[in-house]
Amino acid sequence: MATAAVTNTSGTSATATLASQGSKNAADTQDRFMKLLIAQMKNQDPMNPMDNAQVTSQMAQIQTVTGVSTLDTSIKALSSQFVQMQALQSVSLVGRDVTVEGNRLQMDQGNGKGVFELGAPADAVKLEVLSPAGTVVDTVQLGAQGSGRHNFEWAADKNDPAASYNFRITASNGAAAVANVPYSLDKVLAVNTSGSKLQLQLQNAGLVDYASIKTID
């Protein structure tokens, strides 16, 4: 059974701090406004005093500023809580296979697995398997493929099944090259919330943003 490792350094205390700071900032803003308004009324022209409409207008302005400040603090607090809730829900991903953009083969019992996506149909697709040094160790013709995402498997055979391999896809339609994007299969080891965004610790790719995950198996 997989063990979830969740790192949490921005929980309820951070939310409480944000709320406290927001209240203090709002109170400071109101205090400064009232001091300025009183000074303005003391030094106004007796022959042309401020009328009630002017005072009401300025009071409405300070209420608007205070409301915006409080709303900003509330949004930050809700954002922090959302990240924590997302992390708790993401614990179920530990041990699951995911797909991320990259060209590393996932080796399993001597077979390499990978994914690629074609931007358009291709009448010829070539797979090249690369050693850690970047040398081509094998070439496989995958034939014609439609547009979209495709999974493939490569048998290591005489190559070292324990080594790390990358891959390269070349696709064409007649004389025209077809754009493609390589994807790596990986496994989720842990969930990390130590920063301002949710991240996943993957077996091969290391720490990646949750938004980088393309598919979950």
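Residues numbered from 1 in each chain as written. Predicted model: local features only at pLDDT ≥ 70, side-chain atom pairs only at ≥ 80, totals over all residues. Heavy atoms only, no water.

1. Brief notes about the overall build of the protein
Then comes step 1: Per the secondary structure count, the protein includes two helices and 13 strands.
Then comes step 2: Split into buried and exposed, the 217 residues of the protein put 29% on the buried side.
Then comes step 3: When contacts within the protein are restricted to residue pairs at least 6 apart in sequence, those whose partners lie at least 24 apart make up 71%.
Then comes step 4: For the protein, the exposed area adds up to about 12,900 Å²; of that, 53% sits on carbon and sulfur atoms. (Helix = DSSP H or I, 4+ residues; strand = E, 2+ residues; numbered from the N terminus. Buried < 20%, exposed > 50% of the residue type's maximum accessible area, 1.4 Å probe, protein only. Contact = heavy atoms within 4.5 Å. Areas by Shrake-Rupley, 256 points an atom, 1.4 Å probe, with all protein chains shown as cover.)

2. Side note on the pairing of strand E4 (residues 111–118)
Then comes step 1: When strand E3 (residues 106–108) meets E4, the two strands line up antiparallel, connected through three bridges. Bridging across to E4, glutamine 106 finds its partner in lysine 113.
Then comes step 2: When E4 meets strand E7 (residues 148–155), the two strands line up antiparallel, connected through eight bridges. The partner of leucine 118 across the bridge, within E7, is glycine 148.
Then comes step 3: Strand direction decides the pairing type here: E4 and strand E10 (residues 180–193), joined by four bridges, are antiparallel. Among the inter-strand pairings, leucine 118 is bridged to a residue of E10, identified as asparagine 180. (Pairing = 2+ DSSP bridges.)

3. So, the packing of aromatic side chains
Then comes step 1: Applying the stated criterion across every chain, the model contains three aromatic pairs.
Then comes step 2: Plain terms: the ring middles of phenylalanine 152 and phenylalanine 167 are 5.1 Å apart, the flat faces sit at 75° to each other, and that makes the pair edge-to-face. Of this pair, phenylalanine 152 sits in strand E7 while phenylalanine 167 sits in strand E8 (residues 166–173), and the two are 15 residues apart along the sequence.
Then comes step 3: Take phenylalanine 167: its relative accessible area is 2%, and that puts it in the buried class.
Then comes step 4: Centroid distance tryptophan 154 to tyrosine 165: 5.2 Å. Interplanar angle 65°. Geometry classified as edge-to-face. Here tryptophan 154 is found in strand E7, whereas its partner tyrosine 165 is found in the loop between E7 and E8, with eleven residues between them in sequence.
Then comes step 5: Using a relative accessible area of 3% as the deciding quantity, one classes tryptophan 154 as buried.
Then comes step 6: Of the aromatic side chains, those joined through ring pairs into one cluster are Phe116, Phe152 and Phe167. (Phe/Tyr/Trp six-rings, centres within 6.5 Å; stacked < 30°, edge-to-face > 60°.)

4. Concerning the pattern of salt bridges
Then comes step 1: Summed over the entire model, instances satisfying the criterion amount to five salt bridges.
Then comes step 2: The salt bridge partner of aspartate 108 is lysine 113, with a shortest N-O separation of 4.0 Å.
Then comes step 3: Residues joined by salt bridges that share partners form a network here, namely Lys126, Glu128 and Arg168. (Salt bridge = Lys/Arg side-chain N within 4 Å of Asp/Glu carboxyl O.)

5. Concerning the confidence of the model for the protein
Then comes step 1: Chain-level statistics for the protein give a pLDDT mean of 78 and a share of 61% at 70 or above.
Then comes step 2: A low-confidence stretch, residues 1–16 (pLDDT under 50), is modelled with 28 contacts involving residues beyond four sequence positions or located in other chains. (pLDDT = per-residue confidence, 0-100.)

6. Some points on the pairing of E8
Then comes step 1: Here seven bridges tie strand E5 (residues 122–130) to E8, and the two strands are oriented antiparallel to one another. Across the sheet, residue lysine 126 finds its bridge partner in E8, namely threonine 170.
Then comes step 2: Looking at chain direction, E8 and strand E9 (residues 176–177) are connected through two bridges and run antiparallel. Looking at E9, one finds that serine 172 is bridged to alanine 177.
Then comes step 3: Between the antiparallel neighbours E8 and E9 lie two residues, among them glycine 174 with a positive phi of about 70°.

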